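Structural overview
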Amino acid sequence: MDLVTETTPTHRRDDTRHCAWCGRRLPTTGRVGRPRRYCAQPCRQRAYERRAAVHRGGLPDDAVILSHDELADLQDRLFQLRCAAEDILTALTDGATHGELHTLATNMVTTATDLERLR
Ligand SMILES: [Zn+2]
């Protein structure tokens, strides 16, 4: 197990909220009251179980623990994001067309969006 201390920024660039378990974007609701923290009941349940396990281990309540596989998957997707960014840089250096750059940039946005998923 690898311990990752939660680094959720207090001020995101927009008001987008993410599931506290899996990291997927939460749908924005016009509801008043306490904003939802999880995208679905299974996420809420798994977060509760993990929190209880973390508590037993004497770790801080806001500690985020990723399994080795979850961390490896996250690192794979970070690597894909870097590759997508390098593709754009290479294309720029090679004098790519606007259309080619647009395709590469679209690919990078897709890769970055996938990275919002933690698990
Ligand atoms: Zn979720």
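These figures come from a predicted structure and were not determined experimentally.

Calculation rules
- Residues numbered from 1 in each chain as written.
- Predicted model: local features only at pLDDT ≥ 70, side-chain atom pairs only at ≥ 80, totals over all residues.
- Axes fitted to C-alpha atoms, helices over the stretch in contact; angles between N-to-C directions.
- Helix = DSSP H or I, 4+ residues; strand = E, 2+ residues; numbered from the N terminus.
- Parallel < 35°, antiparallel > 145°, perpendicular 65-115°, else oblique.
- Left-handed = near helix turned anticlockwise from the far one by under 90°.
- Contact = placed C-beta atoms within 7 Å.
- Nonpolar A, V, L, I, M, F, W, Y, C, P; charged D, E, K, R; others polar.
- pLDDT = per-residue confidence, 0-100.
- Buried ≥ 20, exposed ≤ 12 C-beta atoms within 10 Å, placed from the backbone.

A few points about the packing of helix α2 (residues 68–93) against helix α3 (residues 98–114)
Viewed as axis vectors pointing N to C, α2 and α3 meet at an angle of 165 degrees, and their least axial separation amounts to 9 Å. By the angle class used here, α2 and α3 are roughly antiparallel. Judged by the twist between their axes, the crossing of α2 over α3 is left-handed. In this structure, α2 uses R77, Q80, L81, A84, A85, D87, I88 and A91 to contact α3, whose residues at the interface are E100, L101, L104, A105, N107, M108, T111, A112 and D114. Each residue belonging to the contact of α2 with α3 can be placed in one class, and the counts come to 10 nonpolar, 3 polar and 4 charged.

Brief notes about the confidence of the model for the chain
Per-residue confidence for the chain gives a mean pLDDT of 84; residues scoring 70 or more make up 86%. Confidence over residues 8–12 falls short of pLDDT 50; this stretch has 0 contacts with residues more than four positions distant or in other chains.

What to know about the environment of S67
Summarising the element assignment, S67 is placed in the loop between β2 (63–66) and α2. Classification of S67 as exposed rests on a count of 11 C-beta atoms within 10 Å. Separated by 52 residues in sequence, S67 and R119 place their C-alpha atoms 9.4 Å apart.

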